[in-house]
Amino acid sequence: MKMKGLKKGLLLLLLPLCAFTAAHKFYLSVTNVQYSEKDEAVQITSRIFIDDFEDVLEERYGVHPNLATPLETETADTYIEKYIRSKIFIRIDGKLMEYKFLGKKYDNDIMIIYLEVPKIKLSKIKTIELENEVLTDIYEEQQNVLHFKMNGKKKSFVLMKDSDKGMLKL
């Protein structure tokens, strides 16, 4: 009888603790925008969780690219670029800019994407705006943190589905 009561007591004690050990899933990306004097280019890096990005590629295009594994598909970069181009938009002085997709690399469970708007003179830029809708199409609670660091000015934004643009005035 004592053992049964002890087990019940332990269960009641441990049950509330289990509620706190369940992993809370959060959806976040971090994008940095800066100007390179040497390259005369606006450079953008975006850090996105690999598993979330795989989910969106699977849902949107029906592919499972096995990112960051030896089984990564040959078409992975094609689908990554296609998705990024449909979700990240850069405007300089109100004009939509073309950008180069330079590639990606992996850092543990993060994919880092590299983009560049080449042949831009910093002295000619009055405003730069970045619209980032990455993963907001599958995760309602997705937050895309945006950091601008240009011409001695810094500004940060938390972009969400309903508020997906950030602008820096120079």
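So, here is what we can say about the structure in this document.

Right, let's get into unusual backbone geometry. The phi angle at Asn66 is positive, at roughly 55°, despite the residue not being glycine. Take Asn66: it is sitting in the loop between α2 (50-61) and α3 (76-87).

Attention now moves to the sheet that holds strand β5 (residues 100-107). The strands that make up a sheet pair up through hydrogen bonds in the backbone, lying either parallel or antiparallel. An order of β5-β6-β2-β1-β8-β9 is seen for the 6 strands of this open sheet, with the pairing classed as mixed. Either end of the sheet is taken by a strand with one partner, and the two such strands are β5 and β9 (153-159). Strand-to-strand twist across the sheet, computed as the mean angle between neighbouring axes with direction ignored, equals 15°. Where strand β1 (residues 28-36) lies against strand β2 (residues 41-49), 8 bridges are found, and the strand directions are antiparallel. Its bridge partner being in β2, Ser29 is matched across the sheet by Ile48. The strands touched by α2 are β2, β5 and β6 (110-117); relative to β2, the strand with the most contacts, the crossing angle is about 90°. Helix-sheet contacts for α3 involve β2, β5 and β6, and the interaxial angle to β5 is about 115°.

Thresholds, definitions, all that
Residues numbered from 1 in each chain as written. Predicted model: local features only at pLDDT ≥ 70, side-chain atom pairs only at ≥ 80, totals over all residues. Heavy atoms only, no water. Helix = DSSP H or I, 4+ residues; strand = E, 2+ residues; numbered from the N terminus. Pairing = 2+ DSSP bridges. Axes fitted to C-alpha atoms, helices over the stretch in contact; angles between N-to-C directions. Contact = heavy atoms within 4.5 Å.

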